[in-house]
Amino acid sequence: MKDVHIEESWKKVLLNEFTKSYWEELTGFVRSEYLSKTIYPPAKQVFNAFNECPLNKVKVVIVGQDPYHNRAQANGLSFAVNDGITLPPSLRNIYKELKSDLGITPLPSGDLSRWARQGVLLLNSVLTVCANTPASHSGKGWEIFTDAVIQALNTNKTHVVYLLWGKYAQTKGASINREKNLVLTSGHPSPFSAHLFHGNHHFSKCNEYLEKNRQSPIDWR
């Protein structure tokens with residue numbers, strides 16, 4: 001499976017995953033889904049988070065669950081949507097917290113590739129979804145792969161800031177080395193739990209930690 005179209009630094013550290021039986025089953029399933037159904041994000045954007053943010057550039061990881069399942073929203077980056085698409089409620093709440101925490105007004109676009117290019121890995125646990133059917137590709141093997149991504153970060157990087165919003169993300173981050181990295185947790189920014197998200201000051205805490213460890217802060221606009 002050396003033909004996986006993923007950024008080279010990630011391919012190098014994840015190469016063993018592409019030889020495992022779960023990966024063969026997963027890719028067979030995903031391929032058949034794309035051929036027979038409407039699947040998001042577009043196939044070329046499945047590994048967008050990795051292609052936009054090479055391993056050596058990772059400073060921050062924001063863990064999501066699975067891609068948005070409505071038309072034209074998902075672009076391979078957790079919480080992000082394509083430019084010109086109405087901001088989903090969770091992303092609106094993220095922008096509200098940014099303004100409250102840092103006093104900045106984020107750009108109106110929900111395409112967060114501007115963050116990714118600065119070193120923010122926008123990692124969903126599951127990388128594909130069937131249209132209008134949330135969590136439809138859960139339990140098929142993506143979670144094993146993205147656990148391996150977090151382990152690769154644990155092995156190869158230190159002083160990474162992990163933003164784990166909601167119980168799902170916090171479970172996903174259970175293996176992170178908290179002595180060598182900063183792990184920030186709060187409620188999820190969805191409307192159902194936003195009262196547990198707002199006021200977490202994660203963006204300012206993130207930048208303070210990066211600067212303390214001689215890394216440039218993220219421009220969150």
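Shown above is the structure to which this text applies.
Sequence order sets the numbering: in each chain, residues are counted from 1 along the sequence as written. Whole-chain, interface and lining totals are the exception, using all residues; otherwise, since this is a predicted model, local features are given only for residues with pLDDT of at least 70 and side-chain atom pairs are given and counted only at 80 or more. Side-chain measures were taken over the full set of non-hydrogen atoms in the model, leaving aside hydrogen atoms and water.

Asks: Any details on the pairing of strand β3 (residues 120-124)? Residues and values, ideally.
Replies: The side chains of a regular strand alternate between both faces of the sheet. Think of it in three bands: residues with accessible area under 20% of the maximum for their type are buried, residues over 50% are exposed, and the middle band is partly exposed, with areas taken using a 1.4 Å probe on protein chains only. Strands here are runs of E lasting at least two residues and helices are runs of H or I lasting at least four, both read from the DSSP assignment and numbered beginning at the N terminus. Burial analysis of β3 places five of its five residues in the buried class, which makes it a mostly covered element. Burial of the side chains of β3 extends over both faces: V120, L122 and N124 are buried on one face and L121 and L123 on the other.

Asks: Outline the packing of helix α2 (residues 21-36) against helix α6 (residues 142-156), supporting the account with residue identities and numerical values.
Replies: Running from N to C, α2 and α6 cross one another at 125 degrees; their axes reach a closest spacing of 9 Å. In this view, α2 runs oblique relative to α6, as classed from their interaxial angle. Crossing of α2 over α6 shows left-handed handedness. Note on element contacts: α6 touches α2 through W142, I144 and F145, opposite Y22, W23, L26 and V30. Each residue belonging to the contact of α2 with α6 can be placed in one class, and the counts come to seven nonpolar, no polar and no charged. Angular values range over 0 to 180 degrees, each being the angle between N-to-C directions of two axes fitted as lines to C-alpha atoms, with helices fitted over their stretch in contact. Orientation categories follow fixed angle ranges, with anything under 35 degrees roughly parallel, anything over 145 roughly antiparallel, 65 to 115 roughly perpendicular, and all other angles oblique. By the definition used in this description, the sense in which the near helix is turned from the far one sets the handedness, with an anticlockwise turn below a right angle giving left-handed and a clockwise turn giving right-handed. What makes two residues a contact is simply this: any of their non-hydrogen atoms within 4.5 Å. Lys, Arg, Asp and Glu make up the charged group, whereas Ala, Val, Leu, Ile, Met, Phe, Trp, Tyr, Cys and Pro make up the nonpolar group; the residues left over, Gly among them, are polar.

Asks: Can you break down the pattern of salt bridges residue by residue, with the values?
Replies: One speaks of a salt bridge when a side-chain nitrogen belonging to Lys or Arg is within 4 Å of a carboxyl oxygen belonging to Asp or Glu. Scanning the entire structure with this criterion turns up five salt bridges. Linking E52 and R117 is a salt bridge whose minimum nitrogen-to-oxygen distance equals 3.9 Å. Remark: R117 occurs in the loop between α5 (113-116) and β3 and E52 occurs in helix α3 (residues 48-52); sequence separation between them is 65 residues. Judged by relative accessible area, which is 22%, E52 ranks as partly exposed. Its salt-bridge partner being D219, residue R221 comes within 2.9 Å of it at the nearest N-O pair. Overall, the relative accessible area of 34% leaves D219 in the partly exposed class.

Asks: Summarise the packing of aromatic side chains; cite the residues concerned and give the values.
Replies: Here the aromatic set is Phe, Tyr and Trp, taking the six-membered ring for Trp, and pairing holds for ring centres within 6.5 Å; pairs whose planes are under 30 degrees apart are stacked, those over 60 apart are edge-to-face, and all others are tilted. If you walk through the whole model with that rule in mind, you get 18 aromatic pairs. Between the aromatic rings of W23 and W142, the centroid separation amounts to 5.9 Å while the plane-to-plane angle is 80 degrees, which identifies the pairing as edge-to-face. Of this pair, W23 sits in helix α2 while W142 is found in helix α6, placing the two residues 119 residues apart along the sequence. Residue classification places W23 among the buried residues on the basis of a relative accessible area of 1%.

Asks: Lay out helix α8 (residues 202-212) with the relevant residues and their values.
Replies: Burial in α8 covers these residues: H202, F203, S204, C206, N207, Y209 and L210. Elements that come into contact with the buried residues of α8 comprise β2 (60-64), α4 (89-102), β5 (161-165) and β6 (182-186). With its phi angle positive at about 60 degrees, R214 sits one or two positions after the end of α8.

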